Amino acid sequence: MGVPKLLSTPPPADAMTPGALWRAFRRIPAGVTVAATTVDDRSVGMVVSSFTFVSMDPPLVGFFGDDRSTTFPAFLEGHGWGFSVLAQGEEEVADAFRRPVEERFADLSYSVQSSGAVLLDDALIGFDTAPHQVVPTGDHRLVLAEVSNYVMRPRCDRPMIYYEGRLSRLDQRPLIDDDHWDRFWDE
Ligand SMILES: Cc1cc2nc3c(=O)[nH]c(=O)nc-3n(C[C@H](O)[C@H](O)[C@H](O)COP(=O)(O)O)c2cc1C
């Protein structure tokens, strides 16, 4: 049995202040996804970095929505939710979501699915989904959605990465030339 080692560098005394904790959270790399839907015939969308895949059976994806967001409650009203995973090179798309909610889609190419889900044309992957469950979690809500369809761009495109408060690129050179980490998913 191994004996747990003490951290060699003790955490700073202020480790649990919001600022320090946020600096730690920012070190977790994430993709950049536009979550968007239709409410009263208007497209409503926001950028989220917490989007991820959740389950294969049923096919679920999800993200964490901030209760302080003004867009998030409107998004929850949609009957179909679209998730567009942004590719490297789509920084202007991400930028559009810094605008007021009613102006975000003005210069974007997108399609509205029959579900009401809004998908951006040039996304790396677009998921058309139906609401599955919304779970309160602290000052966010976990939003789970069931995938009914998806579209993918060619594999050569790479995802946009959000890391330490910056939109960044993925360096896809493998660290270990072994498919072990990929085979995990087939088991
Ligand atoms: C890179 C990035 C990632 C974000 N990730 C999330 C997220 O995972 N969940 C969330 O609720 N808001 C997230 N936000 C914030 C929302 O996109 C939005 O800016 C926020 O809801 C405030 O805008 P609003 O009040 O107009 O809705 C993120 C913003 C950026 C720029």
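One can find the structure itself at the top, above this paragraph.
All of these numbers come straight from a predicted model, not from anything done at the bench. (Residues numbered from 1 in each chain as written. Predicted model: local features only at pLDDT ≥ 70, side-chain atom pairs only at ≥ 80, totals over all residues. Heavy atoms only, no water.)

## What to know about the packing of aromatic side chains
This structure, assessed with the given rule, holds 10 aromatic pairs. Summarising the aromatic geometry, the rings of F51 and F127 are spaced 5.9 Å apart at their centres and angled 40 degrees between planes, so their arrangement reads as tilted. Note that F51 is positioned in the loop between β3 (42-48) and β4 (52-55) and F127 in strand β9 (residues 125-137), a separation of 76 residues in sequence. A relative accessible area of 15% places F51 in the buried class. (Phe/Tyr/Trp six-rings, centres within 6.5 Å; stacked < 30°, edge-to-face > 60°. Helix = DSSP H or I, 4+ residues; strand = E, 2+ residues; numbered from the N terminus. Buried < 20%, exposed > 50% of the residue type's maximum accessible area, 1.4 Å probe, protein only.)

## Description of the site of the ligand
In the neighbourhood of the ligand, 13 residues make up the surrounding shell, with V47, S50, D66, T70 and T71 lying closest. Within the side chain of S50, an N or O atom sits 2.6 Å from an oxygen atom of the ligand. With respect to the ligand, the side chain of T71 contributes an N or O atom lying 2.6 Å from an oxygen atom. Contact with the protein chains covers 68% of the free accessible surface of the ligand, which is 610 Å². (Near = heavy atom within 4 Å. Polar contact = N/O pair within 3.5 Å; in protein donor to acceptor, adjacent residues only side chain to side chain. Areas by Shrake-Rupley, 256 points an atom, 1.4 Å probe, with all protein chains shown as cover.)

## Remarks on the sheet that holds strand β11 (residues 161-163)
The sheet built from 3 strands is open, its strands ordered β1-β11-β12 with antiparallel pairing. Sheet topology places β1 (30-31) and β12 (166-168) at the edges, where each strand pairs with a single neighbour. Across 2 bridges, β1 lies against β11 in antiparallel orientation. Of the residues in β11, the one forming a bridge with A30 is Y162. (Pairing = 2+ DSSP bridges.)

## Quick word on the environment of T33
Position of T33 relative to the elements: it lies in strand β2 (residues 33-39). The exposure class of T33 is buried, given its relative accessible area of 2%. Counting along the chain gives 13 residues from T33 to M46, while the straight-line C-alpha distance between them is 8.4 Å.

## Regarding the sheet that holds strand β10 (residues 140-152)
Spatial ordering of the open sheet is given by β3-β2-β6-β9-β10-β5-β4, a layout of 7 strands whose pairing is antiparallel. Here the strands that pair on one side only, and so sit at the sheet edges, are β3 and β4. Direction aside, the axes of adjacent strands within the sheet are offset by 35 degrees on average. Relative to β3, β2 runs antiparallel, the two being bridged by 7 bridges. In the strand pairing of β3, T38 is matched with S43. (Axes fitted to C-alpha atoms, helices over the stretch in contact; angles between N-to-C directions.)

## Quick word on unusual backbone geometry
With glycine set apart, most residues show a phi of negative sign, and most peptide bonds adopt trans. Put simply, D57 and P58 share a cis peptide bond, and its omega is 0 degrees. Examined against the element boundaries, P58 turns out to sit in the loop between β4 and β5 (60-66). For E164, which is not glycine, the phi torsion reads 50 degrees and is therefore positive. Along the chain, E164 falls in the loop between β11 and β12. Overall, the relative accessible area of 29% leaves E164 in the partly exposed class.

## Some words on the layout of surface pockets
When its volume is computed, the second largest pocket comes out at roughly 1,000 Å³. Elements that contribute at least two residues to the lining of the second largest pocket include exactly α1 (18-25), β1, β3, β5, α3 (91-96) and β11. Counted by class, the lining of the second largest pocket contains 15 nonpolar, 8 polar and 8 charged residues. (1 Å grid on protein atoms, 1.4 Å probe; cavity = no way out; pocket = protein on both sides within 12 Å on 5 of 7 lines; lining within 4 Å. Points joined across faces, edges and corners; volume = space filled by probe spheres on them. Nonpolar A, V, L, I, M, F, W, Y, C, P; charged D, E, K, R; others polar.)

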